[in-house]
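Spelled out from the first residue to the last, the chains are:
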Amino acid sequence: MEPYFFPALWEQRRICIAQTLYEHRVQSVLEVGCGEGNVLAFLVSPSPNDEHPITRLCGIDIKNDALDVAYERLQPNDDDKRDLRVDPLNIQLFHGDASVPVPDLSVDAVVCTEVIEHVDEQVGAPALTHAVLGGYNPLLAIFTTPNAEFNVNFPGLAYGTPDARFRDDDHKFEWTREQFRSWAESAASKYGYTVEICGIGLSMRNPIASFEPYGGCTQMAVFTRNAADSTTHSDVVTGSTPRLHASAEYPVFTQPQLNSIALRSLVRKFALDICNAQQAFQLDELWDILEIKQQFKRCRMLEKWLDTQTTCFASQTNGLYTVKI
């Protein structure tokens, strides 16, 4: 029986990548081998950490047609133009070989998901590793790739037999967990990083004991740059210099904050809308309302303001407030 991933494996990967980026509070991200922009599009939604929003998303790919699709996918839509976000978001897409760094591009994090297995293991993989960790030298880098050992759960791949196949005809190799760990630890040592490895694809509708010994269907390495190492590695890189393919800017709410009376009226209206029978509401519930975010920009500023409005609101415990009638 083959595993039935739920959510779908691709979604579990994107969720895991996004959560890792949010946890590390990065504000600019480059995806190498971005393809049609699916991962970047997943990151367009505002970060749950409003103190450290992602304000810049970049992608690089060798295929022009894929970048054209990515550009269309990443364009601000009608909802984005109506429901103006609080923080800016700049999109940049570059055309070029992912193993050749974009000149002068500095980002907090680089994501390389399901890409490294598509290049030659002896030449392409080291070049891609060098571009990400040595060229961009980000604070954080994330690599994902298939876990070859998990292929035993897909009968059609005939894993471990002379007729064994890769998951995709374009894959040049697929690493076991030991091979992936060896590559990751060697790269971390060479470029000045600490690395942690985990499995993705552990959530299934039909989890059975026979799946467990093989780890996750996907394996992920998270590289965190050591504090003492912040220099790029200047090995000679061959290949054409990547060029800017397209860019986009998301519209932002820029109006000044309402006057004190209008602001109090606005907050009170929304607070009453979400109140329970005891006239109580949670700070997080109020913060989820776009109009409130547009006025206060940061949740801590809303909380600070509520604590000053003692004639209208009373602070209870654990982010709970009541509306005074």
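Residues numbered from 1 in each chain as written. Predicted model: local features only at pLDDT ≥ 70, side-chain atom pairs only at ≥ 80, totals over all residues. Heavy atoms only, no water.

Re a negative patch on the surface
Phase 1 of the analysis: Side chains of Glu36, Asp65, Asp68 and Glu72 sit close together on the surface and give a patch of like negative charge.
Phase 2 of the analysis: Counting through the fold element by element, Asp65 comes out in helix H3 (residues 64-74). (Patch = residues over 30% accessible without salt bridge, like charges linked within 9 Å, V, L, I, M, F, W, Y side chains within 5 Å. Areas by Shrake-Rupley, 256 points an atom, 1.4 Å probe, with all protein chains shown as cover. Salt bridge = Lys/Arg side-chain N within 4 Å of Asp/Glu carboxyl O. Lys, Arg positive; Asp, Glu negative; His and termini not counted. Charge placed at Lys NZ, Arg CZ, Asp CG, Glu CD. Helix = DSSP H or I, 4+ residues; strand = E, 2+ residues; numbered from the N terminus.)

Quick word on the sheet that holds strand E1 (residues 28-32)
Phase 1 of the analysis: Strands sit in the order E6-E7-E5-E4-E1-E2-E3-E8 across an open sheet of eight strands; the sheet is mixed. With one partner strand each, in any of the chains shown, strand E6 (193-200) and strand E8 (243-249) form the two edges of the open sheet. Between one strand axis and the next, the sheet turns through 15° on average, direction left out of account.
Phase 2 of the analysis: The sheet contact formed by strand E4 (residues 109-113) and strand E5 (residues 140-146) spans five bridges and is parallel. Opposite Cys112, over in E5, you have Phe143 as the bridge partner.
Phase 3 of the analysis: Together, E5, E6 and strand E7 (218-225) form the strand contacts of helix H6 (residues 177-191), whose direction differs from that of E7 by roughly 10°. (Pairing = 2+ DSSP bridges. Axes fitted to C-alpha atoms, helices over the stretch in contact; angles between N-to-C directions. Contact = heavy atoms within 4.5 Å.)

Examining unusual backbone geometry
Only a minority of non-glycine residues have a phi that is not negative, and only a minority of peptide bonds are not trans.
Phase 1 of the analysis: Cis rather than trans, the peptide bond between Phe6 and Pro7 has omega equal to -5°.
Phase 2 of the analysis: Within the secondary structure layout, Pro7 lies in the segment before helix H1 (9-23).
Phase 3 of the analysis: Residues other than glycine seldom take positive phi values, yet Arg25 does so here, at roughly 55°.
Phase 4 of the analysis: Relative to the helices and strands, Arg25 resides in the loop between H1 and E1.

A look at the nonpolar core
Soluble globular proteins: nonpolar side chains tend toward being buried together.
Phase 1 of the analysis: Core analysis: the largest hydrophobic core is formed by 32 residues, its most contacted members being Leu30, Val32, Leu105, Ile116, Leu133, Trp183 and Phe223.
Phase 2 of the analysis: Mapped onto this core, the elements with two or more residues apiece are E1, strand E2 (56-61), E4, helix H5 (124-136), E5, H6, E6 and E7.
Phase 3 of the analysis: When residues in this core are grouped by element, the largest group, six residues, is from H6.
Phase 4 of the analysis: Setting aside chain neighbours within four positions, we find Leu133 in contact with Pro138, Ala141, Ala187, Tyr191, Tyr193 and Phe223.
Phase 5 of the analysis: Of all hydrophobic cores here, the second largest spans 29 residues; its members include Ile17, Leu43, Leu93 and Ala248. (Core = buried A, V, L, I, M, F, W, Y, C linked by side-chain atoms within 4.5 Å. Buried < 20%, exposed > 50% of the residue type's maximum accessible area, 1.4 Å probe, protein only.)

Description of the side chain of Thr20
Phase 1 of the analysis: With respect to the helices and strands, the residue Thr20 is situated in helix H1.
Phase 2 of the analysis: Setting aside residues up to four positions removed in sequence, Thr20 forms contacts with Leu140, Ile142, Met220 and Val222.

Focus on the environment of Phe154
Phase 1 of the analysis: Topologically, Phe154 is positioned in the loop between E5 and H6.
Phase 2 of the analysis: Along the sequence, Phe154 and Gln19 sit 135 residues apart, while their C-alpha atoms lie 28 Å from each other.
Phase 3 of the analysis: If sequence neighbours within four positions are ignored, Phe154 has contacts with Glu2, Pro3, Phe5, Arg167 and Cys217.

These values are about where atoms sit, not about what they do.
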